[in-house]
Amino acid sequence: MEVKIGVQHAPREIVLESGQSAEDVERAVTEALSGKAQLLSLEDDKGRKVLVPADRLAYVEIGEPTVRRVGFGAL
């Protein structure tokens, strides 16, 4: 699933493809914003971790899983 994270005072957003469910991502964001965790920690499809300080989060957009199309078929 595609996750976009906006960070305060950063010109670009962080975009990652995560294998986590939307509920897991939402739970992690809620814990970070409520003060239970000081960092928002998410893992992408390749096993890399993305850590963002909770006090620097501007927004988090949770999208649908992306489907990669192969070939030259009609759109």
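Because the structure is a prediction, the values reported are computed rather than measured.

K.L.:
Can you walk me through the overall build of the protein in this structure?
P.N.:
A count of helical and extended segments in the protein gives one helix and five strands. The N-to-C order of helical and strand elements in the protein reads β-β-α-β-β-β. Here the protein, with 75 residues, has 24% of them falling under the buried criterion. In the protein, 50% of the contacts between residues at least 6 apart in sequence involve partners at least 24 apart.

K.L.:
How do you make sense of the side chain of Ser-18 when you look at a structure like this?
P.N.:
Turning to its location among the elements, Ser-18 is positioned in the loop between strand 2 (14-17) and helix 1 (22-34). Within the local environment of Ser-18, its side chain forms a polar contact with the backbone nitrogen of Gln-20, the two atoms lying 3.1 Å apart. Those residues in contact with Ser-18, other than ones at most four positions away along the chain, are Met-1, Val-3, Glu-43, Asp-44 and Asp-45.

Conventions we followed
- In this numbering scheme, every chain counts its residues from 1 along its sequence in written order.
- For a predicted model such as this one, the threshold for reporting local features is a pLDDT of at least 70, and the threshold for listing and counting side-chain atom pairs is 80 or more; totals across whole chains, interfaces and linings nevertheless cover every residue.
- The basis for the side-chain values is all heavy atoms of the structure; hydrogens and waters are excluded.
- Labels follow the DSSP assignment, with helices taken as runs of H or I lasting at least four residues and strands as runs of E lasting at least two, numbered in each case from the N terminus.
- Only protein chains enter the area calculation, which uses a 1.4 Å probe; residues under 20% of their type maximum are buried, those over 50% are exposed, and those in between are partly exposed.
- Whether two residues are in contact is decided by their heavy atoms, any of which lying within 4.5 Å being enough.
- Residues adjacent in sequence count toward polar contacts only when both atoms are side-chain atoms; beyond that, a polar contact is any pair of N or O atoms within 3.5 Å, and within protein one must be able to donate a hydrogen and the other to accept it.

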